[in-house]
Amino acid sequence: MAWMKDTNGKFVSVNSQFCIQMGLERDDIIEKKDSDLIHDHKLSKKYESEDLEVLTTGIHKQFEDHLIDTKGNDRWFESFKIPLFDSNKNIIGLAGYSMEISDRKHNERFINTIINSLPNPVLVKNEKFEWIYVNNAFCNYFNVSAENFVGKTNDQIFAPSRVKYLLETELEVFNNGKTIEYEDSFPSSSGETLEYIIRKSLLINAKGERMLIGVITDITDRNKNIAALERNEQQLRNITDCIPGKVFQMELFHDNYPKFHFVSKGAYDIYELQPEEIIENAGLITAQIDPLDKISMITNSNEALENLANWEQEYRIQTPSGKIKWIRATAVPFKNKDDINIWTGVSIDITEKKLVEQELKKRTELLEIATKELNNLLTNNDFESAILSFLSSLGEKLITNRAYIFKNDNTEITETTSLIYEWVSEPHYKQLQFSELTKIPFSINACAWFYRKLKNGQVIQGTIDDFPSDEQPELIRQNIKSMILVPVFNKTGFWGFLGFDDCKESRVFTEAETYVLQATAASLGAFFDRKEYETELSTAKIKAEESEKLKTNFLANMSHELRTPLNGILGFANILRSELNSPDHIDIIDTIELSGNRLLETLNLILDLSTLESNQLTIKYQPFSITSIIQECAEVYTSKAASKGIIFQTHTAQHYHLLSDEKILKTVIKKLLDNALKYTKSGIIKLDVSHDTSDSINYLLIKVSDTGIGIKPEYHATIFEPFRQVSEGYTREYEGSGLGLSLAKKYINLLKGDIDLKSEPEKGSEFTIKIPGVIHDNQNDSNENLIQTHITQEISKLNILVVEDDFTNRKYLEMILKKRYNVSVADNGALAFLLAKNSKFDIILMDINLGREMNGVETTELIRTLDGYKDIPIAAVTANAMSGQRERLLNSGFTHYISKPFKKDDLLNLILNMISNS
Ligand code: ADP
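The structure displayed is predicted, hence computed values, not measured ones.

Procedures and definitions
Residues numbered from 1 in each chain as written. Predicted model: local features only at pLDDT ≥ 70, side-chain atom pairs only at ≥ 80, totals over all residues. Heavy atoms only, no water. Helix = DSSP H or I, 4+ residues; strand = E, 2+ residues; numbered from the N terminus. Expected span 1.5 Å × (residues − 1). Buried < 20%, exposed > 50% of the residue type's maximum accessible area, 1.4 Å probe, protein only. Pairing = 2+ DSSP bridges. Contact = heavy atoms within 4.5 Å. Axes fitted to C-alpha atoms, helices over the stretch in contact; angles between N-to-C directions. Phe/Tyr/Trp six-rings, centres within 6.5 Å; stacked < 30°, edge-to-face > 60°. Lys NZ or Arg CZ within 6 Å of the ring centre and 35° of its normal. Parallel < 35°, antiparallel > 145°, perpendicular 65-115°, else oblique. Left-handed = near helix turned anticlockwise from the far one by under 90°. Nonpolar A, V, L, I, M, F, W, Y, C, P; charged D, E, K, R; others polar. Near = heavy atom within 4 Å. Polar contact = N/O pair within 3.5 Å; in protein donor to acceptor, adjacent residues only side chain to side chain. Areas by Shrake-Rupley, 256 points an atom, 1.4 Å probe, with all protein chains shown as cover.

Caption draft 1: Highlighting helix H14 (residues 351-379). The end-to-end C-alpha separation of H14 is 42 Å, in line with the 42 Å expected for 29 residues at 1.5 Å each. Listed in full, the buried residues belonging to H14 are Thr351, Lys354, Leu366, Ala370, Glu373, Leu374 and Leu377.

Here you go:
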């Protein structure tokens, strides 16, 4: 459509398209105004005001109009209105043309709708930097309405600082046609800061207008996440930096070469490398690892990877400054999304722990060796080899070349020390000659320092540079590079010292080594004390044995010397009794006999005790009847008790037989009965035999009880000790040696039994012999009676030869025997032999000690060679009652034995015995 109007707004000319569009004839249009033609009053007014603008400004202008046509369709038109001038440049009207832009407008609307529905905020500005469009997302994002922006320029909206940089960026877009993108932020109306990326690019529309379109992407959340992530990472870093050691994350390539993704600060303390250096070049770490450990590291890490298990590794490194360290690494592998093995773990420095461990191990091993060797010293009889083994074992364990012991020799004037034992690892390390190291005075300069320290209990150790300079030349002379000297103390003080030299290396001995050596030296001191004590002891023992031997010999001799005269005294007293009639004389004889018998008894007890104590008593185990012992006791003690007005009772539960030593048991029972009699004034003495089966062993119980003075409880133990009596000293009421019970107990102990005592003062005592070896037997004692009868029939036929050199004893024997038998006497061996050769004797009584000539044993041997004397009874008569004597004689051709002094009855009984056995 095209038209021309005059200054009054009347149409002057229109084209046919105008007429068609208006639906009018040209004539109906000319000279008419818009208001005449258009019913829409608002629209006609708009046209008129547009016209007026062009007519008054004289500038052409473009307008856009929107209307709804008769069919109700939205339609848009774009019109250009140009002022018309006459030759004088006066405005005479205007020309206009318009075209329908409904299609374009519809497209624009469509695009707007799309832009509006975009989630990203979008803005459009024109080349004048005016905001010409913002979408809904923009309004929502910044919480504004479109009117606040559209139609405005930056300076109307923003503060100058923002205006300035917006201008800079937007000019870039307009001038260079560049698309630019940057991060920006803006405070939202709620006070929150909105962070976003804005991408601005040039947009040229259909009309060729240049515009700027800005598309905003919100990054507030993303930034928040990133910030949170960074915070987390920082926290992690802070934490890992606090952990001692290296916290790491790494990737392990197939050749086991690592690439670190993360390394904490602590890495520096281990590897002397900054985390960044390690991340940059992992080779710096792998180069530090000891090649010996690398192989096991590879095997272990491969294994852990296969099982996705923990990897643990201890390895050594050498740091750039040359330090050797022990590291312990633990890590866990996992596969990341790209299927790469990522290891997360910690490496810590365990050098100190390792050193402590090694030190402890060393100490334990050293201690074990020291203990073993000290034990060997104590138990091995070969002392020399034990001490050398001690030195060599410790010397080798300490990796030294010499081990030695010096002993001090302290006299009142000088204090010196001498090398007494030495071990060397190789012969050429031998120290100076032993003689050179003997009696070195501590007073000489070089030694004074050593002496002072060692005497104070201090250990001297280290490399020779640590020693005072005047000591050094001597140490160098001995090739010593380092040494340790530990003082040895015994009960008297500073005894000497134990030393070790290292002739190869300069080193300091560890605390553990020093500690063990000190402990060893302490034991060594005690050991030498003990050794000295043992030497003293063995000397004392030899002396004691010698004096014991002397005592035994003395007793044997004394016994002989005392018994022989005593025999004579008692024998003659006995004979004298039958010859005397005066009661006074008989009293004297009684006293002689009593005293003599007491002397004899004491002599016997002392001899018995010494025999027992020198372990020379041989026990003869054989079965015997206990009943016969009881009968014998009954015979002896009934009358003895009766003479004191005391009743003697015996009782036995059954006829016991015992496998034990009859003689010993009888002696003990008699001793107890003697005591009962001695310490009882009135009442009853009982001998009671029973047995005790409560134990697994069958014991015979022989009880001797009395109603005598009794014994206070505090004496129950002491009375069994030798020479002990209840009443001792000047207050002694009863005679006696105090030996009987101690002997009795010793005897019974030898027979594996014991004696028990129950006693109450003034009420009485009960001694119980408990002895093993019971044989249950019901035999009666009729055999013994038979023997007695048999003996009496043969008495008168006997010829007896008495061989005795001592005149008194010869006479005594002759007097007893001549009333009953035919007696011949000989005072030496030769005569005896002659007599035997010429007459036939049934029995011979042979004294053993026959003075200077042949003794009794030799004489008997000779007589045995004579016809008819091979098996006849020959009794040895001797005053040597020492133990073993009887057995020896019975093995030397004698059939019987009697020790001097003997009583008449004893002799007669012997003769009866000899006949019955022959
Ligand atoms: P002793 O030769 O003195 O009798 P023992 O060794 O036989 O020596 O006895 C030691 C002491 O035990 C006696 O001195 C006496 O005090 C006491 N004793 C022994 N048996 C009895 C007893 N049956 N009654 C009272 N005291 C006794």
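Caption draft 2: Quick look at the sheet that holds strand S19 (residues 460-463). In space, the six strands of this open sheet follow the order S18-S17-S16-S21-S20-S19, with antiparallel pairing throughout. Only two strands of the sheet have a single neighbouring strand rather than two, namely strand S18 (440-441) and S19. Both strand S16 (residues 402-410) and strand S21 (residues 493-502) contribute to a ladder of six bridges, which runs antiparallel. Paired with Ile405 across the bridge in S21 is Leu498. Most of the contacts of helix H15 (residues 383-397) go to strand S17 (residues 415-424), to which it runs at about 75 degrees, and overall it touches S16, S17 and S21.

Caption draft 3: The arrangement of unusual backbone geometry in detail. Despite not being glycine, Leu308 shows a phi value in the positive range, around 45 degrees. Position of Leu308 relative to the elements: it lies in the loop between helix H13 (291-307) and strand S13 (311-318). Of note in the backbone geometry, Asn479 takes a positive phi value of approximately 65 degrees without being a glycine. In this fold, Asn479 is placed in the loop between helix H17 (472-477) and strand S20 (482-490). On the basis of relative accessibility, which here comes to 40%, the residue Asn479 falls in the partly exposed class.

Caption draft 4: A look at the packing of aromatic side chains. If you walk through the whole model with that rule in mind, you get 33 aromatic pairs. Each member of the aromatic cluster is reached from another via a ring pair, and the members are Trp131, Phe138, Tyr141, Phe142, Phe149, Phe158, Phe186 and Tyr196. Directly above the aromatic system of Phe383 lies the positively charged group of Lys531, at a separation of 4.2 Å from the ring centroid.

Caption draft 5: Geometry of the packing of helix H25 (residues 829-838) against helix H26 (residues 856-864). In contact at an axis separation of 9 Å, H25 and H26 are set at 20 degrees when each is read in the N-to-C sense. By the angle between their directions, the pair H25 and H26 is classed as roughly parallel. The hand of the H25/H26 crossing is right-handed. On H26, the residues that touch Gly829, Ala832, Phe833 and Ala836 of H25 are Thr859, Leu862 and Ile863. In terms of residue class, the contact of H25 with H26 is made up of five nonpolar, two polar and no charged.

Caption draft 6: Spatial organisation of the site of the ligand. Taken together, 21 residues lie around the ligand, and Asn675, Tyr679, Asp706, Gln725 and Leu741 are the ones closest in. At 3.2 Å, a side-chain N or O of Lys678 approaches an oxygen atom of the ligand. In the model, a nitrogen atom of the ligand is placed 3.4 Å from a nitrogen or oxygen of the Ser765 side chain. For the ligand, whose unbound accessible area comes to 530 Å², protein coverage reaches 97%. Elements with a minimum of two residues in the shell around the ligand: helix H21 (662-678), helix H22 (740-750) and strand S28 (764-772). When residues in the shell around the ligand are grouped by element, the largest group, four residues, is from H21. Residues of the shell around the ligand, tallied by class, amount to nine nonpolar, eight polar and four charged.

So far we have only geometry, and geometry alone does not tell us how the molecule works.
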